[in-house]
Amino acid sequence: QVQLVESGGGLVQPGGSLRLSCAASGSIFGFNAMGWYRQAPGKQRELVADITRDGITNYVNSAKGRFSISRDDAKNTVYLKMSSLNSEDTAVYYCHGEIGPANRREHFWGQGTQVIVSS
């Protein structure tokens, strides 16, 4: 069982930057994809960005051009670099990983890290 632990959240002013990290307790090399989701108060959890084993990235429209996801398989860590933050980015950010074929897919989630964008 792989555990995912997020860090790097906090309070940041509008226009500022943060880098979130997701450290896995085991190897992420075999994961189909790793990603970041977020959930704002009163809203559904949404995918922010993900990255496949081959390094292909995908972003929600609101994150394009501002966020960058990357993975370091040697460190079993996934990062989300966020810039030009605004109040709509305020949410709990969750790391997610999926592994296995479609008929036996497993999903792993971290406990979340809070990001608050406020002056």
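To be clear, the structure that these remarks concern was listed above.
Let me begin by describing the structure that accompanies this report. Keep in mind that this is a model prediction, so the values were computed, not measured.

The next point concerns the overall build of the protein chain. Regarding its fold elements, the protein chain presents zero helices and eleven strands. What you see in the protein chain, going N to C, is helices and strands ordered as β-β-β-β-β-β-β-β-β-β-β. Since a compact globule built from 119 residues should have a radius of gyration of about 14 Å, the 14 Å found for the protein chain is in line with a globular shape. Based on the C-alpha atoms only, the size of the protein chain along its principal axes is roughly 45 × 30 × 25 Å. With 119 residues in all, the protein chain has 45% of them scored as buried. Long-range pairs, those at least 24 residues apart, make up 54% of the contacts in the protein chain with a sequence separation of at least 6. For the protein chain, the exposed area adds up to about 6,500 Å²; of that, 47% sits on carbon and sulfur atoms. When the 12 basic and 10 acidic side-chain charges of the protein chain are each reduced to a single mean position, those positions are 2 Å apart.

This paragraph deals with the state of the cysteines. Overall, the coordinates contain one disulfide when judged by the stated rule. There is a disulfide in this structure between cysteine 22 and cysteine 95, and the S-S distance comes to 2.0 Å. Across the S-S bond linking cysteine 22 and cysteine 95, the dihedral sits near -80°, which makes this disulfide left-handed. Remark: cysteine 95 occurs in strand S9 (residues 91–99) and cysteine 22 occurs in strand S3 (residues 18–24); sequence separation between them is 73 residues.

Taking every second residue as pointing to the same face, the buried face of strand S11 (residues 113–117) carries Thr113, Val115 and Val117, while none of Gln114 and Ile116 on the other face is buried. Bridge count between strand S2 (residues 10–12) and S11: three bridges; the pairing is parallel. The partner of valine 12 across the bridge, within S11, is valine 117. Of the pairings in the sheet, the one linking S9 to S11 comprises three bridges and is antiparallel in character. The partner of alanine 91 across the bridge, within S11, is valine 115.

Attention shifts here to the pairing of S3. Burial analysis of S3 places five of its seven residues in the buried class, the great majority of the element. Relative to S3, strand S1 (residues 4–7) is paired through four bridges, and the arrangement is antiparallel. What sits directly across from leucine 4, in S3, is alanine 24. With six bridges joining them, S3 and strand S8 (residues 77–82) adopt antiparallel strand pairing. Within the sheet, the bridge partner assigned to cysteine 22 lies in S8 and is valine 78.

Basis of the calculations
- Residues numbered from 1 in each chain as written.
- Predicted model: local features only at pLDDT ≥ 70, side-chain atom pairs only at ≥ 80, totals over all residues.
- Heavy atoms only, no water.
- Helix = DSSP H or I, 4+ residues; strand = E, 2+ residues; numbered from the N terminus.
- Rg over C-alpha atoms; globule rule 2.2 N^0.38 Å.
- Buried < 20%, exposed > 50% of the residue type's maximum accessible area, 1.4 Å probe, protein only.
- Contact = heavy atoms within 4.5 Å.
- Areas by Shrake-Rupley, 256 points an atom, 1.4 Å probe, with all protein chains shown as cover.
- Lys, Arg positive; Asp, Glu negative; His and termini not counted.
- Charge placed at Lys NZ, Arg CZ, Asp CG, Glu CD.
- Disulfide = S-S within 2.5 Å.
- Pairing = 2+ DSSP bridges.

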